[in-house]
Amino acid sequence: MHRPAATPLARLLGLFCCALCAVTLMGCNAQKAPDTQAPETQAEQTGDFKSSVMFCGSTSLYPIISSLAGSFTDEYVTWDKANAELPDKDISIYVAPGGSGVGVSALEDGTCDFGMLARDLKDEEKQALGDYKVYEVAKDALTVSVNAQNPITLDDLSTDTIAQIFSGELSTWNQVDPSLPAEPIQVFIRDLSGGAYEVFQKTVMGDKTVTDTATQSASMTELATNIANNPWAIGYAGFGAYNKANADGQVLRALKVDGVEPTEQTIVSGEYKIQRPVMFVGKGDPTPAQQAFIDYVFSQTGKEVVEQNGYIPSFTPAE
Amino acid sequence: MALTADKVPTRARRCLDSVRGAPGRLASRAGGSPAGRLRDRLATWLLACLALCACLLLGSVGLTVAWESWPVVTEIGLAPFLLGTTWMPVDFGTGTSFGILNFVLATMAVSALGLALSFCVAAGCALFLSCGARPSVRTTLTSLIDLLAGVPSVVFGFVGLVVVVKAFITLGHPSGQCVLAAAAVLAVMLLPYTTSALAETMDAVGAQCLRASATLGVGRWHAAYAIVLPCALRRMGPSLMMAFGRAMGETMAVMMVVGNANLAPRLLGKAETIASLITLEMGTAQAGSLHMSALFGAGFTLMAIVFVVDALALAVERRAARRTAASDSLWLWGRAGAGLVRAWAAVAAALAAGCVLFLFGYVFVQGAPVMSWDFVTQAPAGTVLGTEGGIAPAIWGSLWFVGTALVIAAPLALACALVTVFWLDGTRAGRAVGHLMAVAAGAPSIVCGLFAYAAIVRGMGLGRSVLAGGAALAIMILPFIEVRAEKALRDVPRDLLQSGLALGCSRVHVLRTLVVPACTGEVVSAVALGGLYALGATAPLVFCGGVAFAPAPAGVLQPAMALPLHLYLMLAQGTTVPQVYATAFVLMALVLVCNLAVSGFAAGRRRRWLRR
């Protein structure tokens with residue numbers, strides 16, 4: 001009986017399987033060689049000039065860096081105008097958000113030039129990075145804010161009380177302040193990829209964990225907006241986001257923590273405990289092009305942008 | 001409007017016409033010139049190759065997810081992972097635990113509730129479209145509802161946040177964000193899919209029974225109530241389950257409205273779906289850590305549930321197909337029931353149309369004051385980014401991403417559809433491909449982003465780039481385009497193919513000269529709608545190539561801004577809400593223009609084909 005010929009698809013499948021086996025065998029041999037195909041983002045090029053700089057990370061810092069990148073590109077357009085020794089190439093600065101965690105992992109992976117963080121580097125991260133440089137741009141404090149419409153008479157909470165509120169042990173407003181009605185406390189926090197979560201956990205919560213009923217927000221400004229939209233909300237809005245939200249009239253009210261009010265003086269002096277550095281980190285030494293932009297960030301323009309975004313600059317400009 | 005057999009000119013004449021044009025082509029019959037046969041064979045192998053690549057690409061995404069989540073089984077244990085309710089992935093001194101039960105329940109609850117709400121409106125609307133509407137009203141209403149399918153999920157989330165959540169707050173809910181709000185937003189997003197699926201089922205039933213009932217003197221709405229509705233309801237299972245898969249994979253819109261808290265889902269309580277979990281936490285998980293494996297494990301669980309639901313749907317469909325229509329009629333409450341159903345159909349159709357008009361109108365009205373030519377042509381600026389300037393780099397970036405995605409996905413999807421319909425129809429391989437596409441369509445879009453990050457950004461060392469983002473989008477839209485193209489190809493009358501083959505022409509030749517020109521309009525619209533879907537995607541781009549600030553892209557190896565990502569970041573800023581409306585305005589305007597262009601093109605092609 002005449003055997004039916006295999007369909008093209010069946011024959012192709014057979015061919016493909018043979019090819020797959022061959023490729024796998026070749027791949028096994030090739031894998032012995034170390035992977036030197038690390039993306040070249042750091043400044044080792046002797047011949048190649050990299051006209052792009054990539055920042056990645058904190059949702060608190062990226063608006064500042066983006067704004068400065070925009071004005072830097074508008075002002076100089078090509079690298080040689082910023083620094084006469086650089087070639088005449090178009091300036092491209094890329095800023096990607098994602099959270100402080102993304103900033104560090106991207107820097108470790110080598111997929112970005114600078115990782116932006118809104119917290120200190122952890123020990124294991126310092127070890128993984130090896131040779132790194134920290135450029136601290138600003139200080140941010142975490143205010144313990146309630147909605148301005150909340151009629152709370154207390155304006156000072158102890159760290160313990162705050163921890164109890166955020167962990168859910170105190171669940172209604174009348175347990176905090178007897179003059180308030182028995183409304184459930186709506187807790188707003190940052191998500192786990194935000195540096196703020198860790199800072200708050202370390203400085204306030206200690207051994208307690210934040211309650212499961214807390215709503216996570218993906219960025220500080222979203223957190224501030226959430227508190228502003230909800231009369232019975234409480235959350236740790238960043239100082240910058242707090243100021244931005246109150247720019248057109250007070251919608252948030254920051255409470256004192258252990259008697260210390262969050263102001264510029266108390267934050268810079270370190271008296272206000274719940275604070276964090278806002279910075280970017282690079283591996284090794286920056287290239288001349290990167291240095292040109294870094295100088296721009298730490299100039300008077302940079303200081304103004306940091307202040308207008310509501311943060312406290314932790315540098316004084318060079319001139 | 002389906003291309004029915006009686007509208008197509010003589011099949012044999014058409015085939016001869018196409019062959020007559022070039023004398024050399026007659027020789028491409030079996031037994032003809034070797035050059036012609038070789039060319040046809042190469043074409044067949046090329047199609048098979050591309051189709052295989054498409055299936056392998058989707059399969060490798062699934063395999064990668066499974067591979068990455070293997071540590072869940074070895075280090076956490078399946079039972080604690082699937083049945084535990086504590087989720088503390090980072091050790092703050094209190095240990096770590098990975099339990100996703102709440103997330104699984106929340107995903108299923110939000111999807112089921114959204115589907116139920118959508119179905120209530122869609123059933124009435126479909127009944128109206130199928131039995132109650134004049135053809136002109138039907139086409140207008142169908143195109144209107146189909147517009148919803150193109151609206152980006154970020155815009156749904158945004159409008160849900162400013163309208164639905166605010167409504168809940170004014171009605172007394174403490175935070176406005178809850179499972180019900182998310183289900184309401186999801187219901188509106190699912191409307192086009194449920195309505196079209198139900199309308200098709202009702203058309204099929206109507207074609208069988210309505211003429212006979214009219215001959216017997218039964219009124220149109222009585223027949224609709226007593227025959228069409230019960231039959232369709234009994235057969236809607238499979239299509240509803242497909243929509244369920246789509247609902248499960250929905251990321252952005254639900255994430256912005258559901259509250260994101262690790263709680264067991266309650267109607268007015270906050271919850272967190274698996275897709276939002278992955279999106280929110282993937283940034284903080286270190287590569288290779290248990291946290292990352294747990295997130296992949298959650299994604300795999302989601303895909304497994306979609307797989308099971310889809311398999312159930314297929315089984316139900318096959319069982320239902322064996323039943324006859326005669327046993328399914330129902331005459332409950334007599335005339336009063338018919339009147340109620342008629343009123344419900346009208347109300348549902350009005351509600352569906354109202355949703356679409358409100359969505360577009362709201363965004364256009366709010367965004368119009370900020371819109372200007374400068375907004376579309378300048379880069380974002382201002383000391384607080386975005387308060388000045390415009391969104392030009394985002395528009396260019398989006399176009400580059402969509403272009404790259406289409407260049408990768410369109411050939412693969414179309415080849416896969418061609419091979420499935422014309423070579424594998426009815427075989428187990430064909431059903432397996434259909435199954436694969438259904439599961440891939442239900443996967444959360446962030447999984448595509450993760451795969452592209454692992455394969456292209458880190459694996460190939462290209463870093464964040466348009467290519468990586470485009471590849472992620474391509475994986476996301478591949479099943480979308482494939483399913484629609486398959487449907488378009490199946491609608492072409494089989495007689496065309498068979499008469500061509502009977503004349504001795506090779507299959508590829510008949511496809512190229514007869515079948516594909518017959519449905520070019522629908523195929524092009526499938527590809528264009530896939531591009532629109534890619535335009536609105538946010539989650540896959542976050543790790544692959546979408547950035548908050550970049551100049552307009554000059555090549556595929558650089559990162560770029562993207563419109564929906566820009567919208568989401570501006571919204572998170574809080575200070576640039578008018579600009580958010582304007583960005584949404586631009587997105588919706590693009591959706592509207594593309595839809596009109598595509599349906600105009602499809603209608604034009606159909607008219608030209610029928611005239612010949």
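Residues numbered from 1 in each chain as written. Chains lettered and ligands numbered in written order. Predicted model: local features only at pLDDT ≥ 70, side-chain atom pairs only at ≥ 80, totals over all residues. Heavy atoms only, no water.

- Naming follows an unreviewed UniProt entry, where chain B appears as ABC transporter permease subunit of Kribbibacterium absianum.
- For chain B, the Subcellular location (unreviewed entry) comment in UniProt is given as "Cell membrane".
- What UniProt states about chain B under its Sequence similarities (unreviewed entry) heading is, verbatim, "Belongs to the binding-protein-dependent transport system permease family. CysTW subfamily." (UniProt positions renumbered as here; feature names shortened; annotations may be inferred.)

- The name given to chain A in an unreviewed UniProt entry is Phosphate ABC transporter substrate-binding protein, with Kribbibacterium absianum as the source organism.

1. Things to note about unusual backbone geometry
Residue and element names in this part refer to chain A.
Item 1. One non-glycine residue with positive phi stands out, namely Val77, at about 65 degrees.
Item 2. Along the polypeptide, Val77 turns up in the loop between helix 2 (62-76) and helix 3 (79-82).
Item 3. A relative accessible area of 42% places Val77 in the partly exposed class.
Item 4. Although it is not a glycine, Asp258 adopts a positive phi angle of roughly 55 degrees.
Item 5. Note on placement: Asp258 falls in the loop between strand 10 (252-257) and helix 11 (264-269).
Item 6. Judged by relative accessible area, Asp258 falls into the partly exposed class, the value being 40%. (Helix = DSSP H or I, 4+ residues; strand = E, 2+ residues; numbered from the N terminus. Buried < 20%, exposed > 50% of the residue type's maximum accessible area, 1.4 Å probe, protein only.)

2. Concerning a nonpolar patch on the surface
Residue and element names in this part refer to chain B.
Item 1. A contiguous nonpolar patch, built from Trp70, Val73, Leu78, Leu82 and Leu83 and spanning about 490 Å² of accessible area, is present on the exposed surface.
Item 2. Considering each element in turn, the nonpolar patch owes the most residues, three residues, to helix 5 (residues 78-83).
Item 3. Within the element layout of this structure, Leu83 appears in helix 5. (Patch = residues over 30% accessible without salt bridge, like charges linked within 9 Å, V, L, I, M, F, W, Y side chains within 5 Å. Areas by Shrake-Rupley, 256 points an atom, 1.4 Å probe, with all protein chains shown as cover. Salt bridge = Lys/Arg side-chain N within 4 Å of Asp/Glu carboxyl O.)

3. Topic: empty space enclosed by the protein
Item 1. Summed over all chains, the structure comprises eight cavities of 30 Å³ or more.
Item 2. Elements supplying a minimum of two residues to the lining of the largest cavity: helix 2, helix 9 (220-228) and helix 10 (239-245) of chain A together with helix 12 (252-257), helix 13 (274-281) and helix 24 (563-573) of chain B.
Item 3. Here the lining of the largest cavity takes five residues from helix 24 of chain B, the largest share from any one element.
Item 4. For the lining of the largest cavity, the class distribution of residues is 17 nonpolar, 13 polar and two charged. (1 Å grid on protein atoms, 1.4 Å probe; cavity = no way out; pocket = protein on both sides within 12 Å on 5 of 7 lines; lining within 4 Å. Points joined across faces, edges and corners; volume = space filled by probe spheres on them. Nonpolar A, V, L, I, M, F, W, Y, C, P; charged D, E, K, R; others polar.)

4. Some points on the pairing of strand 2 (residues 92-96) of chain A
Residues and elements named next belong to chain A.
Item 1. Here strand 2 lies mainly inside the structure; five of its five residues are buried.
Item 2. Along strand 2, one buried face is formed by Ser92, Tyr94 and Ala96 and the opposite face, lined by Ile93 and Val95, is buried too.
Item 3. Pairing geometry for strand 1 (residues 52-57) and strand 2, over five bridges, is parallel. Pairing of Met54 across the sheet is with Tyr94, part of strand 2. (Pairing = 2+ DSSP bridges.)

5. Overview of the confidence of the model for chain A
Residues and elements named next belong to chain A.
Item 1. Per-residue pLDDT for chain A has a mean of 80; in total, 83% of the residues score no lower than 70.
Item 2. Overall, residues 1-5 carries pLDDT values under 50, and its contacts beyond four positions in sequence, including any with other chains, amount to zero contacts.
Item 3. Between residues 27-46, whose pLDDT stays under 50, and residues either more than four places distant or in other chains, the model counts 21 contacts. (pLDDT = per-residue confidence, 0-100. Contact = heavy atoms within 4.5 Å.)

6. A closer look at the sheet that holds strand 8 (residues 215-217) of chain A
All names here are of chain A.
Item 1. A sheet is described by the order of its strands in space; here six strands give the open sequence 6-10-5-9-7-8, paired in mixed fashion. In this open sheet, the two strands that pair with only one neighbour each are strand 6 (156-157) and strand 8.
Item 2. Sheet topology note: the strand 5 (residues 144-147)/strand 9 (residues 233-235) ladder contains two bridges and is antiparallel. Its bridge partner lying in strand 9, Ser145 is registered against Gly235.

7. Some details on the interface of chain A and chain B
Note: interface size is frequently given as the accessible area lost on complex formation between the parts.
Item 1. At the junction of the two partners, chain A supplies 57 residues and chain B supplies 53 residues.
Item 2. Where chain A abuts chain B, roughly 4800 Å² becomes buried across the two surfaces, and 62% of that area is made up of carbon and sulfur atoms.
Item 3. Remark: the boundary between chain A and chain B carries zero salt bridges.
Item 4. In this assembly, chain A and chain B are joined by five residue pairs in polar contact (both at pLDDT 80 or more).
Item 5. With seven residues, helix 1 (residues 8-30) of chain A is the largest single contributor of residues to the side of chain A that touches chain B.
Item 6. Across the side of chain A that touches chain B, the residue classes break down as 24 nonpolar, 24 polar and nine charged. (Buried area = accessible area lost by both parts, 1.4 Å probe. Polar contact = N/O pair within 3.5 Å; in protein donor to acceptor, adjacent residues only side chain to side chain.)

8. Some details on the domain arrangement of chain A
Residue and element names in this part refer to chain A.
Item 1. Once the domains are mapped, chain A shows domain 1 (8-139 + 278-313) and domain 2 (140-275).
Item 2. At the junction of the two partners, domain 1 supplies 16 residues and domain 2 supplies 18 residues.
Item 3. Remark: the boundary between domain 1 and domain 2 carries two salt bridges.
Item 4. With a closest N to O distance of 3.2 Å, Lys122 and Glu198 form a salt bridge.
Item 5. In this assembly, domain 1 and domain 2 are joined by two residue pairs in polar contact (both at pLDDT 80 or more). (Domains from an automatic or database assignment.)

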